[in-house]
Amino acid sequence: VDGSDHYDEPNAPITNLRVAQETVKRAGLRFKIEGSPVKVEQETKNKDAFRRSPAEEEKLVRRPPVVTIMGHVDHGKTTLLDSLRDTCVVQSEHGGITQHIGAFSVQLESGEQATFLDTPGHAAFGAMRARGAMVTDVVVLVVAADDGVMAQTQESLKLAQEAHVPIVVAINKVDKPEADVAGTRKMLLNAGLQLEEQGGEVQAVEVSALTGHNLDQLVEAVVTQAELLNLRSDPTGAVEGVVVESRTDPGRGKVATCVIQRGTLSRGAVLVAGTAWGKVRSMFNDAGKPIMSAPPATPVQVIGWRQLPSAGDVVLEVEGEHRAAEVVEWREAVLKKQQQEDDATAIEEKLQEHL
Ligand code: GTP
Ligand code: MG
């Protein structure tokens, strides 16, 4: 991770268009259908919405880290998140209805902030990475000290490493009599993690998510790790972000929890996300309190969607409703074409098999 506003990857793949172009290229060669890759690309540039090019240095300002908790089943991810929320969320920010949303911010006594994402699940993490929608700056790898490194611990480790996301280890459940901290550390080393006390660079904090033991130290370790990344973003201009959770609420309608990555979201902004679009009618923070604007790294619940976007969709602000509708129509057409071509490829492969 180079750290400098790495949300702004110039060629970050958006939705499925890159895949679509590949498909068209492949299908074009095999079936000689109309539409050369070049033409598709030109049309795409006009009709789709793209992430902006990298920000100018002087526009970049510091932003809080976005942290994802990962680890083996039952090792305490949810308990850890709940305890972090309870112990660290600034009390004054509560006021509205506290809800369980997919992301929340904690503020430390030092004034430092960090945004935590509810475990998106390994599949979602992989999907986001594939779509260039990586929001995670730091992974907290939870390992229960009574169980040690397990299959999903290793899987999480691999995902984080492949995504070049630094890891902070939470050695959890140290309150349990059967906790074997030394054994767990040894297992982590064997799994390829170079822990600090063994001369490496990975911090491991012994915690109890249940009792709250050492949670402040864990957050401190995350913030220290984040400082090394020098995370910055441009809070001006058209908004970019990622949907981390979406649902239809009986009272509020279609709600998408988004993490803003660039720009500052405000009411009235027109957004596209995948094949959904909307105009921001209202916004709520992680404590359920209405807010007027959301700067980078802020989790925000957005209301005003025409269609419900999906978790992992890239959110982009466009000029207006007409443009949003055009982008969505274009994306739907691309997806449809891709589907038809995939079907055609599948049929041809079937035919080949029978020859
Ligand atoms: P999945 O979502 O199923 O993967 O599990 P998880 O990783 O979210 O684990 P969860 O937080 O649900 O915790 C699993 C069990 O471990 C629960 O019964 C927790 O109460 C218990 N637990 C979690 N953290 C601690 C801890 O620090 N100490 C002790 N003694 N128990 C814990
Ligand atoms: Mg859980």
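As the structure is a computational prediction, the values presented were derived from the model and not from experiment.

What follows is about the pattern of salt bridges. Inspection of every chain in the model, using the stated rule, returns 15 salt bridges. With a shortest N-O distance of 2.7 Å, Arg-185 and Glu-206 are connected by a salt bridge. Pair noted here: Arg-185 is in helix α6 (residues 181–190) and Glu-206 is in strand β7 (residues 204–206), with a separation of 21 residues, a long-range link. Classification of Arg-185 as buried rests on a relative accessible area of 15%. Looking at Glu-206, the relative accessible area reads 29%, which means it is partly exposed. Salt-bridge contacts for Glu-321 lead to Lys-279; the nearest nitrogen and oxygen are separated by 3.5 Å. Highlighted residues: Glu-321 in helix α8 (residues 321–354) and Lys-279 in strand β13 (residues 276–284), separated in sequence by 42 residues. Residue Lys-279 is classed as partly exposed on the basis of its relative accessible area, which comes to 38%. Ionic contacts of the salt-bridge type, sharing partners, join the residues Arg-52, Asp-234 and Arg-262 into one network.

Further remarks concern the site of ligand 1. Neighbouring residues of ligand 1: 15 residues in total, closest Lys-77, Thr-78, Thr-79, Asp-175 and Ala-209. Lys-173 places a side-chain nitrogen or oxygen 3.0 Å from an oxygen atom of ligand 1. Relative to its unbound accessible area of 640 Å², ligand 1 is 69% covered by the protein chains. Take the shell around ligand 1: its biggest share by element is three residues, from helix α3 (residues 77–88). The residue makeup of the shell around ligand 1, split by class, is three nonpolar, seven polar and five charged.

The side chains of a regular strand alternate between both faces of the sheet. Across the six residues of strand β2 (residues 66–71), six count as buried, placing the element largely inside the fold. Across the two faces of β2 the burial is the same, with Val-66, Thr-68 and Met-70 and Val-67, Ile-69 and Gly-71 all buried. Sheet analysis places β2 next to strand β5 (residues 138–144), joined by five bridges and oriented parallel. Across the sheet, residue Val-67 finds its bridge partner in β5, namely Val-138.

What follows concerns the sheet that holds β2. Strand order in the open sheet formed by six strands is β3-β4-β2-β5-β6-β7, with mixed pairing between adjacent strands. The open sheet terminates on both sides in strands that have one partner only, identified here as β3 (103–107) and β7. Within the sheet, the average angular offset between the axes of one strand and its neighbour, ignoring direction, is 30 degrees. Bridge count between strand β6 (residues 167–172) and β7: three bridges; the pairing is parallel. The residue bridging Val-169 from the neighbouring strand is Ala-204, located in β7. α6 contacts β5, β6 and β7 of the sheet and is inclined by roughly 150 degrees relative to β6. Across the sheet, helix α7 (residues 215–229) lies against β2, β3, β5, β6 and β7, angled at about 170 degrees from β6, the strand it touches most.

On to the confidence of the model for the protein, then. Chain-level statistics for the protein give a pLDDT mean of 82 and a share of 78% at 70 or above. The low-confidence segment residues 1–37, where pLDDT is below 50, has 81 contacts with residues more than four positions distant or belonging to other chains. Contacts for the low-pLDDT stretch residues 89–99, under 50 throughout, to residues beyond four places or in other chains number 22 contacts.

The next subject is α6. Turning to α6, its buried residues number three or more, namely Val-181, Thr-184, Arg-185 and Leu-188. Each buried residue of α6 sits inside an arc of 100 degrees when the element is viewed along its axis, so together they form one side. The outward face of α6, more than 90 degrees from its buried face, is lined by the exposed residues Ala-182, Lys-186 and Asn-190. Residues of α6 that are buried sit in contact with β5, β6 and β7. Its side-chain oxygen placed 2.8 Å from the backbone nitrogen of Gly-183, Asp-180 serves as the N-cap of α6. Following α6 by one or two positions, Gly-192 adopts a phi angle in the positive range, close to 100 degrees.

Reading the values: the criteria
- Residues numbered from 1 in each chain as written.
- Chains lettered and ligands numbered in written order.
- Predicted model: local features only at pLDDT ≥ 70, side-chain atom pairs only at ≥ 80, totals over all residues.
- Heavy atoms only, no water.
- Salt bridge = Lys/Arg side-chain N within 4 Å of Asp/Glu carboxyl O.
- Helix = DSSP H or I, 4+ residues; strand = E, 2+ residues; numbered from the N terminus.
- Buried < 20%, exposed > 50% of the residue type's maximum accessible area, 1.4 Å probe, protein only.
- Near = heavy atom within 4 Å.
- Polar contact = N/O pair within 3.5 Å; in protein donor to acceptor, adjacent residues only side chain to side chain.
- Areas by Shrake-Rupley, 256 points an atom, 1.4 Å probe, with all protein chains shown as cover.
- Nonpolar A, V, L, I, M, F, W, Y, C, P; charged D, E, K, R; others polar.
- Pairing = 2+ DSSP bridges.
- Axes fitted to C-alpha atoms, helices over the stretch in contact; angles between N-to-C directions.
- Contact = heavy atoms within 4.5 Å.
- pLDDT = per-residue confidence, 0-100.
- Arc of directions from axis to C-beta.

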